[in-house]
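Fold and contact review
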Amino acid sequence: MQSLLAFTILATVFSNALASPTKTGTAKRATCTVDSVSTASDLTDCSSVVITAFEVPAGDTVTIKAASGASIEMTGSVEFAFTSTSGPLWTFDTTDATFTGNGFSFKGNGDLYWDGEGTSGGTTKPHPLIKFEGSGSFTDLIIKDSPAHAISVGTTGTSSFTNILVDNLDGASLGANTDGFDVSASDVTFSGNTVYNQDDCVAINSGSNIVFENNFCSGGHGISIGSIATGKTVSGVTISGNTVTESMYGMRIKVDSDATDASVSDVTYSGNTISANDKYGFLVSQSYSEDFGTPGTGSTISDINFTGSKTTVTTSGSYPRVGVDCGKCTGTWNWGEIDATGGESSDLVLGGGVVISGGTY
Ligand SMILES: *[C@@H]1O[C@H](CO)[C@@H](O)[C@H](O)[C@H]1NC(C)=O
């Protein structure tokens, strides 16, 4: 009797051990290697993913959908063949992933596309090159020569992007619409990233609880909130410790002139060093796509503050160093810690009754 019981227990333990991988479906393969488009196709039970060097052929796209909590790393660079496929060409759709590119690149071969027309004409340009969905922490990655927009952030859980380099330096003459980070997401932190490009370094289109800190932007159109379209809201943004150089604009908040049911609120700038070499050093506009025009009144902008450490803005072009073109801006904005110089006198249209206190501009 006793030996039968022991046998039963043993047999049960043994069969469970054998059966559990297939029965529960939660078993994790030790490490999954992605070295081609096909090997990326089913990673849902992979808790560890290694991406080696390979080329994504024309017509193909890749989505990395690993197990929740997966560690993902690159051991080589991924190159995208010239293609007319629409982007994103590569998507991370992960939950709580920990990703490191180990300094390797996604090579977009932008020079094969750049014709000065960006996304509004000429050669079809896949964009964005890379999209992030789901959630995770993403570090040490290079995006080299994106045809147009480099990175789209559409994460749905707390995420961070650190030490990412968008290197579109070679697009200086013919690259266009090569946005660094386009963000429609909440609970995201960007820190220590570098963007060389020909459009917005970052464009925050919607979301809340967003931190953009200690990043370096060069060659593009600066740090932007917007453009904000109808129905979109941005709130709770901290922009601190960043450097913008060699850029057309310094920093902007731009809301479509015809936007309704839209708002930008609670944006705090602190300790940024900004230089604009052509247009406004800092611009708040409800006239987008114009810089200054007839501002819309269907959206609201409130609580735009310069506090904490001093933000310096210098403009070398012949535009106002600061422009505010408001149809409906409200409340009192604390600009105690902005010091703007250069360019022409600031131009303020304070529709909506906003009061701006403090600052030098
Ligand atoms: C911005 O400044 C105003 C005026 O001092 C203040 O009432 C508001 O709370 C500040 N907003 C933020 C997000 O700090």
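As the structure is a prediction and not an experimental result, all values here were calculated from the model.

**Re the UniProt feature "active site" (unreviewed entry) in the protein chain**
- Mapped onto this structure's residue numbering, the UniProt feature "active site" (unreviewed entry) falls at His221.
- Checked against the element boundaries, His221 lands in the loop between strand 16 (216-218) and strand 17 (223-228).
- Classification of His221 as buried rests on a relative accessible area of 18%.
- The residues touching His221, leaving out its near neighbours within four places in the chain, are Gln198, Asp199, Asp200, Met248, Tyr249, Gly250 and Arg252.

**Regarding the environment of Val324**
- Tracing the backbone shows Val324 in strand 26 (residues 322-326).
- Residue Val324 is classed as buried on the basis of its relative accessible area, which comes to 0%.
- For the pair Val324 and Val188, spaced 136 residues apart in sequence, the C-alpha to C-alpha distance is 27 Å.
- Residues within four places of Val324 in sequence aside, it is in contact with Val284, Phe292, Trp335, Asp347, Leu348, Val349, Leu350 and Ile356.

**Things to note about the site of the ligand**
- The local shell around the ligand consists of Asp266, Thr268, Asp303, Asn305, Thr332 and Asn334.
- Between the ligand and Asn305, the relevant distance is 2.4 Å, taken from an oxygen atom to a side-chain nitrogen or oxygen of the residue.
- The protein chains hide 52% of the 360 Å² of surface that the ligand would expose on its own.
- For the shell around the ligand, the residue count by class is no nonpolar, 4 polar and 2 charged.

**Points about the pattern of salt bridges**
- Evaluation of the coordinates by the stated rule reveals 9 salt bridges.
- Taking the shortest distance from any N to any O, the salt bridge between Lys254 and Asp200 comes out at 2.9 Å. One end of the pair, Lys254, is in strand 20 (residues 251-256); the other, Asp200, is in the loop between strand 14 (194-196) and strand 15 (202-213), and 54 residues separate them in sequence.
- With relative accessibility at 5%, the residue Lys254 sits in the buried group.
- Using a relative accessible area of 3% as the deciding quantity, one classes Asp200 as buried.
- Overlapping salt bridges bring together Lys144, Asp145, Asp167 and Asp170 as one network.

**Observations regarding the nonpolar core**
- Ranked by internal contacts, the top residues of the largest apolar core, which has 79 residues, are Ile51, Trp90, Phe92 and Ile225.
- In contact with Ile225, other than residues within four places in its own chain, are Ile204, Val234, Val237, Ile239, Arg252, Ile253, Lys254, Val264, Val267 and Tyr269.

**Digging into unusual backbone geometry**
- Each neighbour pair has its own omega, and for Gly87 with Pro88 the value is 0 degrees, a cis peptide bond.
- Locating Pro88 in the fold gives a position in the loop between strand 6 (78-80) and strand 7 (90-100).
- Looking along the chain, the bond that leaves Tyr288 and enters Ser289 is cis, with omega of 20 degrees.
- Take Ser289: it is sitting in the loop between strand 23 (282-288) and strand 24 (299-306).
- Its identity is not glycine, yet Asp145 carries a phi of approximately 55 degrees, on the positive side.
- Of the residues examined, Asp145 reaches a relative accessible area of 7% and is grouped as buried.
- In this model, Asn209 sits at a positive phi of 55 degrees, which is unusual for a non-glycine residue.
- Of note, Asn209 is situated in strand 15.

**Some points on the side chain of Ser299**
- Position of Ser299 among the secondary structure elements: in strand 24.
- Judged by relative accessible area, which is 3%, Ser299 ranks as buried.
- Within polar-contact distance, the side chain of Ser299 engages the side chain of Gln286 at 3.0 Å.
- The contacts of Ser299, once residues within four sequence positions are left out, are Val255, Ala259, Ala262, Gln286 and Lys328.

**Side note on the side chain of Ser287**
- Along the polypeptide, Ser287 turns up in strand 23.
- When its relative accessible area of 3% is taken as the criterion, Ser287 is described as buried.
- There is a polar contact of 2.4 Å between the side chain of Ser287 and the side chain of Asp325.
- With sequence-adjacent residues up to four places away left out, Ser287 is seen in contact with Val255, Ser257, Phe292, Gly293, Thr294, Pro295 and Asp325.

**Quick notes on the layout of surface pockets**
- Reported here for the largest pocket is a volume of approximately 210 Å³.
- For the largest pocket, the lining is made up of 17 residues, of which Asp199, Asp200, Ser227, Lys254 and Tyr288 are closest to its centre.
- Elements supplying a minimum of two residues to the lining of the largest pocket: strand 15, strand 17 and strand 20.

**Some words on the packing of aromatic side chains**
- Considering all chains together, one arrives at 28 aromatic pairs under this definition.
- Relative to Phe132, the ring of Phe92 has its centre 5.2 Å away and its plane inclined at 10 degrees; by these criteria the two rings are stacked. Here the residue Phe92 occupies a position in strand 7, and Phe132 occupies one in strand 9 (residues 130-144), the gap between them amounting to 40 residues.
- Ring geometry for Tyr269 against Phe306: centres 4.7 Å apart, planes inclined by 15 degrees, an arrangement best described as stacked. Residue Tyr269 is located in strand 21 (residues 262-270), and its partner Phe306 is located in strand 24; the two are separated by 37 residues in the primary sequence. The same class applies to Tyr269 and to Phe306, which are both buried.

Rules used throughout
Residues numbered from 1 in each chain as written. Predicted model: local features only at pLDDT ≥ 70, side-chain atom pairs only at ≥ 80, totals over all residues. Heavy atoms only, no water. UniProt positions renumbered as here; feature names shortened; annotations may be inferred. Helix = DSSP H or I, 4+ residues; strand = E, 2+ residues; numbered from the N terminus. Buried < 20%, exposed > 50% of the residue type's maximum accessible area, 1.4 Å probe, protein only. Contact = heavy atoms within 4.5 Å. Near = heavy atom within 4 Å. Polar contact = N/O pair within 3.5 Å; in protein donor to acceptor, adjacent residues only side chain to side chain. Areas by Shrake-Rupley, 256 points an atom, 1.4 Å probe, with all protein chains shown as cover. Nonpolar A, V, L, I, M, F, W, Y, C, P; charged D, E, K, R; others polar. Salt bridge = Lys/Arg side-chain N within 4 Å of Asp/Glu carboxyl O. Core = buried A, V, L, I, M, F, W, Y, C linked by side-chain atoms within 4.5 Å. 1 Å grid on protein atoms, 1.4 Å probe; cavity = no way out; pocket = protein on both sides within 12 Å on 5 of 7 lines; lining within 4 Å. Points joined across faces, edges and corners; volume = space filled by probe spheres on them. Phe/Tyr/Trp six-rings, centres within 6.5 Å; stacked < 30°, edge-to-face > 60°.

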